[in-house]
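Chains, contacts and geometry: an overview
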Amino acid sequence: MIEILNSAKLARAGEAGALVADILQTLRGRTGVGTNLLEIDRWAEEMITEAGAQSCYVDYEPSFGRGPFGHYICTGVNDAVLHGRPRDRTLADGDLLTLDLAVSKGGVAADSAISFLVGEARPPESVEMIAATERALAAGIAAAVPGARTGDISHAIGTVLREAGYPVNTEFGGHGIGSTMHQDPHIANTGRPGRGYKLRPGLMLALEPWVMADTADLVTDADGWTLRSATGCRTAHSEHTIAITGDGARILTLPGAARS
Ligand code: MG
(Lines give C-alpha, C1' and ligand atoms only; values in the text may rest on other atoms or scores of the structure.)
Protein backbone atom coordinates (compact mmCIF):
# COMPACT_ATOMS: atom_id res chain seq x y z
CA MET A 1 0.00 0.00 0.00
CA ILE A 2 1.16 3.54 -0.79
CA GLU A 3 -0.27 6.15 1.57
CA ILE A 4 -0.63 9.87 0.81
CA LEU A 5 -0.97 11.79 4.08
CA ASN A 6 -3.22 14.79 4.60
CA SER A 7 -1.95 17.93 6.32
CA ALA A 8 -3.26 16.92 9.76
CA LYS A 9 -1.43 13.59 9.57
CA LEU A 10 1.71 15.28 8.27
CA ALA A 11 1.69 17.58 11.30
CA ARG A 12 1.52 14.54 13.57
CA ALA A 13 4.28 12.94 11.52
CA GLY A 14 6.41 15.97 12.35
CA GLU A 15 5.84 15.38 16.07
CA ALA A 16 6.70 11.68 15.73
CA GLY A 17 9.81 12.54 13.75
CA ALA A 18 10.99 15.12 16.26
CA LEU A 19 10.54 12.61 19.07
CA VAL A 20 12.57 9.93 17.27
CA ALA A 21 15.35 12.43 16.56
CA ASP A 22 15.47 13.69 20.14
CA ILE A 23 15.52 10.17 21.62
CA LEU A 24 18.38 9.16 19.30
CA GLN A 25 20.42 12.24 20.23
CA THR A 26 19.77 11.69 23.94
CA LEU A 27 20.86 8.06 23.63
CA ARG A 28 23.96 9.08 21.72
CA GLY A 29 24.84 11.56 24.45
CA ARG A 30 24.40 8.98 27.22
CA THR A 31 26.27 6.19 25.45
CA GLY A 32 29.97 5.73 26.16
CA VAL A 33 32.61 3.17 26.99
CA GLY A 34 31.01 0.71 29.41
CA THR A 35 27.41 1.28 28.32
CA ASN A 36 25.48 -1.98 27.89
CA LEU A 37 23.17 -2.43 24.87
CA LEU A 38 20.37 -3.52 27.21
CA GLU A 39 20.70 -0.20 29.08
CA ILE A 40 20.21 1.67 25.80
CA ASP A 41 17.09 -0.41 25.14
CA ARG A 42 15.73 0.41 28.60
CA TRP A 43 16.39 4.14 28.15
CA ALA A 44 14.59 4.02 24.80
CA GLU A 45 11.60 2.28 26.37
CA GLU A 46 11.43 4.92 29.14
CA MET A 47 11.55 7.85 26.71
CA ILE A 48 8.97 6.35 24.32
CA THR A 49 6.61 5.65 27.21
CA GLU A 50 7.10 9.09 28.80
CA ALA A 51 6.25 10.75 25.49
CA GLY A 52 3.00 8.80 25.17
CA ALA A 53 4.25 7.14 21.99
CA GLN A 54 4.24 3.52 20.89
CA SER A 55 7.19 1.39 19.88
CA CYS A 56 6.99 0.08 16.31
CA TYR A 57 9.45 -2.66 17.19
CA VAL A 58 8.50 -4.43 20.40
CA ASP A 59 5.69 -6.56 18.90
CA TYR A 60 7.07 -6.50 15.38
CA GLU A 61 6.98 -9.98 13.86
CA PRO A 62 7.78 -9.91 10.13
CA SER A 63 8.47 -12.95 7.97
CA PHE A 64 12.27 -12.40 8.14
CA GLY A 65 12.58 -12.25 11.95
CA ARG A 66 12.21 -14.97 14.54
CA GLY A 67 9.19 -14.18 16.68
CA PRO A 68 8.41 -10.70 18.07
CA PHE A 69 11.44 -8.40 18.22
CA GLY A 70 10.82 -7.85 21.93
CA HIS A 71 12.91 -4.66 22.25
CA TYR A 72 12.48 -0.91 21.70
CA ILE A 73 15.49 -0.02 19.58
CA CYS A 74 17.92 -1.71 17.19
CA THR A 75 21.52 -1.68 18.41
CA GLY A 76 24.12 -2.85 15.90
CA VAL A 77 27.80 -3.01 16.89
CA ASN A 78 30.61 -3.11 14.28
CA ASP A 79 29.65 -5.95 11.90
CA ALA A 80 25.94 -5.81 12.89
CA VAL A 81 24.15 -3.45 10.54
CA LEU A 82 20.39 -4.11 10.43
CA HIS A 83 17.81 -5.27 13.01
CA GLY A 84 20.45 -5.43 15.73
CA ARG A 85 18.70 -6.99 18.69
CA PRO A 86 19.88 -5.52 21.99
CA ARG A 87 21.82 -8.05 24.07
CA ASP A 88 24.08 -8.15 27.09
CA ARG A 89 27.13 -6.51 25.54
CA THR A 90 29.22 -3.69 26.94
CA LEU A 91 30.59 -1.10 24.53
CA ALA A 92 34.34 -0.49 24.19
CA ASP A 93 36.38 2.47 22.95
CA GLY A 94 36.18 2.66 19.15
CA ASP A 95 33.12 0.42 18.73
CA LEU A 96 30.94 1.54 15.84
CA LEU A 97 27.36 1.66 17.09
CA THR A 98 24.22 1.94 14.95
CA LEU A 99 20.96 2.93 16.64
CA ASP A 100 17.77 2.54 14.60
CA LEU A 101 14.50 3.68 16.13
CA ALA A 102 10.89 3.82 14.93
CA VAL A 103 7.98 5.02 17.02
CA SER A 104 4.36 5.86 16.36
CA LYS A 105 2.73 8.93 17.86
CA GLY A 106 -0.75 10.18 17.11
CA GLY A 107 -1.17 7.28 14.70
CA VAL A 108 1.82 8.16 12.51
CA ALA A 109 5.21 6.45 12.49
CA ALA A 110 8.70 7.91 12.03
CA ASP A 111 11.95 6.01 11.57
CA SER A 112 15.58 7.13 11.79
CA ALA A 113 19.02 5.61 12.25
CA ILE A 114 22.45 6.97 13.21
CA SER A 115 25.89 5.40 13.34
CA PHE A 116 28.67 6.77 15.54
CA LEU A 117 31.91 5.80 17.26
CA VAL A 118 31.91 5.11 20.99
CA GLY A 119 34.54 6.76 23.21
CA GLU A 120 37.60 8.57 21.93
CA ALA A 121 39.03 6.29 19.21
CA ARG A 122 38.39 7.42 15.64
CA PRO A 123 39.44 4.63 13.22
CA PRO A 124 39.64 6.49 9.87
CA GLU A 125 37.92 3.75 7.83
CA SER A 126 34.96 3.82 10.21
CA VAL A 127 34.77 7.63 10.17
CA GLU A 128 34.74 7.57 6.36
CA MET A 129 32.15 4.79 6.14
CA ILE A 130 29.73 6.65 8.42
CA ALA A 131 30.29 9.86 6.45
CA ALA A 132 29.60 8.04 3.17
CA THR A 133 26.19 6.88 4.38
CA GLU A 134 25.41 10.43 5.55
CA ARG A 135 26.41 11.87 2.16
CA ALA A 136 24.33 9.23 0.38
CA LEU A 137 21.36 10.08 2.58
CA ALA A 138 21.72 13.78 1.77
CA ALA A 139 21.91 12.98 -1.95
CA GLY A 140 18.80 10.80 -1.74
CA ILE A 141 16.89 13.53 0.08
CA ALA A 142 17.97 16.12 -2.50
CA ALA A 143 16.60 13.87 -5.25
CA ALA A 144 13.22 13.47 -3.50
CA VAL A 145 11.35 16.29 -5.22
CA PRO A 146 7.76 16.16 -6.49
CA GLY A 147 7.62 14.64 -9.96
CA ALA A 148 10.86 12.70 -9.51
CA ARG A 149 10.68 8.93 -9.19
CA THR A 150 11.86 6.49 -6.58
CA GLY A 151 14.55 5.34 -9.03
CA ASP A 152 16.03 8.85 -8.94
CA ILE A 153 16.46 8.56 -5.16
CA SER A 154 17.96 5.07 -5.48
CA HIS A 155 20.33 6.23 -8.19
CA ALA A 156 21.47 9.24 -6.13
CA ILE A 157 22.13 7.08 -3.05
CA GLY A 158 23.85 4.29 -4.99
CA THR A 159 26.10 6.68 -6.89
CA VAL A 160 27.52 8.13 -3.66
CA LEU A 161 28.01 4.72 -2.03
CA ARG A 162 29.73 3.20 -5.05
CA GLU A 163 31.94 6.25 -5.63
CA ALA A 164 33.03 5.89 -2.01
CA GLY A 165 34.04 2.32 -2.84
CA TYR A 166 31.36 0.29 -1.08
CA PRO A 167 29.41 -2.66 -2.50
CA VAL A 168 25.65 -2.04 -2.38
CA ASN A 169 23.20 -4.61 -1.04
CA THR A 170 19.73 -4.39 -2.63
CA GLU A 171 17.78 -6.70 -0.31
CA PHE A 172 17.06 -4.07 2.33
CA GLY A 173 16.56 -0.37 1.74
CA GLY A 174 14.18 2.52 2.23
CA HIS A 175 10.42 2.34 2.30
CA GLY A 176 7.18 4.22 2.44
CA ILE A 177 6.01 5.05 5.97
CA GLY A 178 2.86 6.60 7.43
CA SER A 179 0.16 4.94 9.53
CA THR A 180 2.49 1.94 9.67
CA MET A 181 6.28 1.67 9.74
CA HIS A 182 6.86 -0.28 6.52
CA GLN A 183 4.88 0.49 3.37
CA ASP A 184 5.39 0.59 -0.36
CA PRO A 185 7.24 1.84 -2.28
CA HIS A 186 10.50 0.02 -1.61
CA ILE A 187 13.52 2.26 -2.25
CA ALA A 188 16.61 0.24 -3.02
CA ASN A 189 19.99 1.79 -2.27
CA THR A 190 20.89 1.70 -5.94
CA GLY A 191 18.75 1.94 -9.05
CA ARG A 192 18.02 3.49 -12.38
CA PRO A 193 16.92 7.11 -12.70
CA GLY A 194 13.50 7.77 -14.20
CA ARG A 195 12.12 4.42 -12.99
CA GLY A 196 9.68 3.58 -10.25
CA TYR A 197 6.89 5.35 -8.42
CA LYS A 198 6.38 9.07 -9.07
CA LEU A 199 6.77 11.21 -5.93
CA ARG A 200 3.96 13.54 -4.92
CA PRO A 201 3.20 15.80 -1.98
CA GLY A 202 1.95 13.95 1.08
CA LEU A 203 4.11 10.89 0.48
CA MET A 204 6.32 9.98 3.45
CA LEU A 205 9.48 7.96 2.92
CA ALA A 206 12.20 6.53 5.12
CA LEU A 207 15.50 6.66 3.23
CA GLU A 208 18.26 4.51 4.67
CA PRO A 209 21.61 4.03 2.97
CA TRP A 210 23.72 1.43 4.76
CA VAL A 211 26.98 -0.24 3.82
CA MET A 212 29.43 -2.92 4.79
CA ALA A 213 33.13 -2.19 4.22
CA ASP A 214 33.97 -5.04 1.85
CA THR A 215 30.90 -7.13 1.04
CA ALA A 216 27.26 -6.92 -0.06
CA ASP A 217 26.38 -10.18 1.70
CA LEU A 218 24.62 -10.50 5.04
CA VAL A 219 24.43 -13.35 7.52
CA THR A 220 21.78 -13.76 10.20
CA ASP A 221 22.97 -13.95 13.78
CA ALA A 222 22.03 -16.87 16.05
CA ASP A 223 19.43 -14.54 17.68
CA GLY A 224 17.34 -14.87 14.50
CA TRP A 225 17.20 -11.10 13.99
CA THR A 226 20.54 -9.32 13.84
CA LEU A 227 21.99 -9.07 10.32
CA ARG A 228 25.79 -8.96 10.15
CA SER A 229 28.30 -8.55 7.36
CA ALA A 230 29.23 -11.94 5.89
CA THR A 231 32.94 -11.16 6.23
CA GLY A 232 32.82 -9.70 9.74
CA CYS A 233 33.76 -6.25 8.43
CA ARG A 234 32.41 -3.05 9.93
CA THR A 235 29.15 -1.48 8.77
CA ALA A 236 27.30 1.86 8.93
CA HIS A 237 23.74 3.11 8.45
CA SER A 238 22.05 6.54 8.22
CA GLU A 239 18.30 7.03 7.98
CA HIS A 240 15.81 9.89 7.97
CA THR A 241 12.06 10.01 7.51
CA ILE A 242 11.05 12.68 4.99
CA ALA A 243 7.79 14.09 3.67
CA ILE A 244 7.44 15.14 0.04
CA THR A 245 6.04 18.68 -0.12
CA GLY A 246 5.36 21.02 -3.02
CA ASP A 247 8.84 22.52 -2.49
CA GLY A 248 10.82 19.32 -2.08
CA ALA A 249 11.58 17.01 0.81
CA ARG A 250 11.10 18.03 4.44
CA ILE A 251 13.22 16.04 6.88
CA LEU A 252 11.02 15.01 9.80
CA THR A 253 13.70 13.38 11.96
CA LEU A 254 16.16 16.26 12.38
CA PRO A 255 17.40 16.77 15.96
CA GLY A 256 16.14 19.87 17.80
CA ALA A 257 19.17 22.08 17.13
CA ALA A 258 18.97 21.37 13.39
CA ARG A 259 15.20 21.97 13.33
CA SER A 260 15.30 25.48 14.79
MG1 MG B 1 13.55 2.13 8.10
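In case you missed it, the structure is sitting above this.
Here's a quick rundown of the structure. (Residues numbered from 1 in each chain as written. Predicted model: local features only at pLDDT ≥ 70, side-chain atom pairs only at ≥ 80, totals over all residues. Heavy atoms only, no water.)

For the rest of this paragraph, the subject is empty space enclosed by the protein. Taken as a whole, this structure holds one cavity of 30 Å³ or more when the rule is applied. The space that makes up the largest cavity amounts to roughly 50 Å³. Counting residues per element, the lining of the largest cavity draws most heavily on strand β2 (residues 74-77), which supplies three residues. (1 Å grid on protein atoms, 1.4 Å probe; cavity = no way out; pocket = protein on both sides within 12 Å on 5 of 7 lines; lining within 4 Å. Points joined across faces, edges and corners; volume = space filled by probe spheres on them. Helix = DSSP H or I, 4+ residues; strand = E, 2+ residues; numbered from the N terminus.)

Examined against the element boundaries, A142 turns out to sit in helix α3 (residues 124-143). The class of A142 is exposed, set by a relative accessible area of 57%. Counting along the chain gives 28 residues from A142 to I114, while the straight-line C-alpha distance between them is 19 Å. (Buried < 20%, exposed > 50% of the residue type's maximum accessible area, 1.4 Å probe, protein only.)

A few words now on the coordination of the magnesium ion. Distances from the magnesium ion to its protein donors, D111 (OD), H175 (NE2), E208 (OE) and E239 (OE), fall within 2.1 to 2.3 Å. Each donor residue of the magnesium ion belongs to the same chain, with the gaps between them written as D-x63-H-x32-E-x30-E. Here D111 is found in strand β5 (residues 108-117), whereas its partner E208 is found in the loop between β8 (204-207) and β9 (210-212), with 97 residues between them in sequence. With respect to burial, D111 and E208 carry one shared label: buried. (Donors = N, O, S within 2.8 Å, 3.2 Å for Na, K, Ca; no water.)

Counting 27 residues, the largest nonpolar core has I153, L199, L205, L207, I242 and I244 as its most contacted members. Where this core is concerned, the elements lending two or more residues are α3, α4 (150-163), β8 and β13 (240-245). The greatest single-element share of this core, amounting to seven residues, is contributed by α3. If you look at the next biggest cluster of nonpolar residues, it comprises 26 residues, including L37, L91, I114 and F116. (Core = buried A, V, L, I, M, F, W, Y, C linked by side-chain atoms within 4.5 Å.)

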